[in-house]
Amino acid sequence: MAGMRIVRLSLPTVKKMMQVFSRCHPWDWAADIGEVPPRDSALRSLRTTVLSKAATFAKPLTPGSAVVVGPDGSILAEAEDGRSRTGNNPCVASIIAAMGRAGSTVNLRECAVIWATPSSTTKLDLVCLGDSSLGALELFKPPALIVARAPAAKTLELEMPILEKLSAVGTCVEYVNI
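What counts, and where the lines are drawn
Residues numbered from 1 in each chain as written. Predicted model: local features only at pLDDT ≥ 70, side-chain atom pairs only at ≥ 80, totals over all residues. Heavy atoms only, no water. Pairing = 2+ DSSP bridges. Helix = DSSP H or I, 4+ residues; strand = E, 2+ residues; numbered from the N terminus. Axes fitted to C-alpha atoms, helices over the stretch in contact; angles between N-to-C directions. Contact = heavy atoms within 4.5 Å. Buried < 20%, exposed > 50% of the residue type's maximum accessible area, 1.4 Å probe, protein only. Salt bridge = Lys/Arg side-chain N within 4 Å of Asp/Glu carboxyl O. Core = buried A, V, L, I, M, F, W, Y, C linked by side-chain atoms within 4.5 Å.

Student: Would you take a moment to explain the sheet that holds strand β3 (residues 112-116) for this structure?
Tutor: In any sheet, the strands associate via hydrogen bonds between backbone groups, in a parallel or an antiparallel arrangement. With mixed pairing, 5 strands are arranged side by side in an open sheet as β2-β1-β3-β4-β5. Two strands bound the open sheet, and with one partner strand each, they are β2 (75-79) and β5 (172-177). Each strand of the sheet is rotated relative to its neighbour by a mean of 20 degrees, with strand direction disregarded. Relative to β3, strand β1 (residues 66-69) is paired through 4 bridges, and the arrangement is antiparallel. Residue pairing in the sheet places V67 in a bridge with I114 of β3. On the sheet, helix α5 (residues 94-102) packs against β1, β2, β3 and β4 (144-149) and is oriented at approximately 140 degrees with respect to β2.

Student: I would appreciate a short explanation of the environment of R101 in the present structure.
Tutor: Within the element layout of this structure, R101 appears in helix α5. Sequence separation between R101 and L76 is 25 residues, and the spatial gap between their C-alpha atoms is 8.1 Å.

Student: It is not clear to me how the pairing of β3 should be interpreted in this structure. Could you clarify?
Tutor: Along any regular strand the residues' side chains alternate between the sheet's two faces. Among the 5 residues of β3, 5 are classified as buried, and the element is accordingly described as predominantly covered. Along β3, one buried face is formed by A112, I114 and A116 and the opposite face, lined by V113 and W115, is buried too. As judged from the 5 bridges shared by β3 and β4, these two strands associate in the parallel manner. In the strand pairing of β4, I114 is matched with I146.

Student: Mind showing me how you'd approach the pattern of salt bridges here?
Tutor: Side chains that carry opposite charge are capable of pairing whenever their charged atoms lie near each other. As enumerated under the stated definition, the model contains 3 salt bridges in all. E110 is the salt-bridge partner of R39, the closest N and O atoms lying 2.8 Å from each other. Pair noted here: R39 is in the loop between α2 (26-32) and α3 (40-49) and E110 is in the loop between α5 and β3, with a separation of 71 residues, a long-range link. Judged by its relative accessible area of 48%, R39 is partly exposed. Classification of E110 as buried rests on a relative accessible area of 7%. The partner of K123 in a salt bridge is D125, with the nearest N and O atoms 3.9 Å apart. On the accessibility criterion, K123 (45% relative accessible area) is partly exposed. On the basis of relative accessible area, D125 is assigned to the buried category, the value being 14%.

Student: What exactly am I supposed to notice about the nonpolar core here?
Tutor: One broad trend across soluble globular proteins is that nonpolar side chains are buried collectively. Grouped together as the largest cluster of nonpolar side chains are 29 residues, with contacts concentrated most on V68, I95, M99, W115, L145, L158 and L166. Broken down by secondary-structure element, the contributors of at least two residues to this core are β1, β2, α5, β3, α6 (126-129), α7 (131-140), β4 and α8 (160-168). Per element, the largest residue contribution to this core is 5 residues, and it comes from α5. By size, the runner-up hydrophobic cluster in this structure holds 15 residues, among which are L46, V50, I114 and I146.

Student: Before we go on, may I ask you to explain the environment of G64 in this structure?
Tutor: With respect to the secondary-structure elements, G64 resides in the loop between α4 (54-58) and β1. Sequence separation of G64 and T121 is 57 residues, and the distance between their C-alpha atoms is 9.5 Å. Those residues in contact with G64 that sit more than four places away from it in its chain are E80, D81, S94, W115, A116, T117 and P118.

What follows is the structure in structure tokens.
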């Protein structure tokens, strides 16, 4: 991406601070990098409470927006796609924004992400989904991404490379038409 810089933490004091933090607060460190395993009871609850009623959660969404739904069926966070208002900033795509708003007190490996496709989309590719949203899904591994398709996209599916990446981390993709 134009203008993007990769920064590598190499300052010894910063590295030491991160190592100390990870040893003193291992659970917080694990949560920050998406490595807290899900509870079996939460996954069972998610299946019965959310996945079986996915269309109900998807209906009120505006096109392009996303929500994070907890295993008890509560809406934990919602976000609209802000890329068009920010010069196409990938960090404000709806999925990554909703996951960020859910915060680190939530174990995203116990939650479902519901994403309403943009109303004018003709292709569910990486541009539509957002590359940073895909990265967040790969890192935090929610068990389900529910794609709520707008009427114009009711037969569309995510492109195979995206599905393969999500499948590799254990995220199941389901579709509902709204």
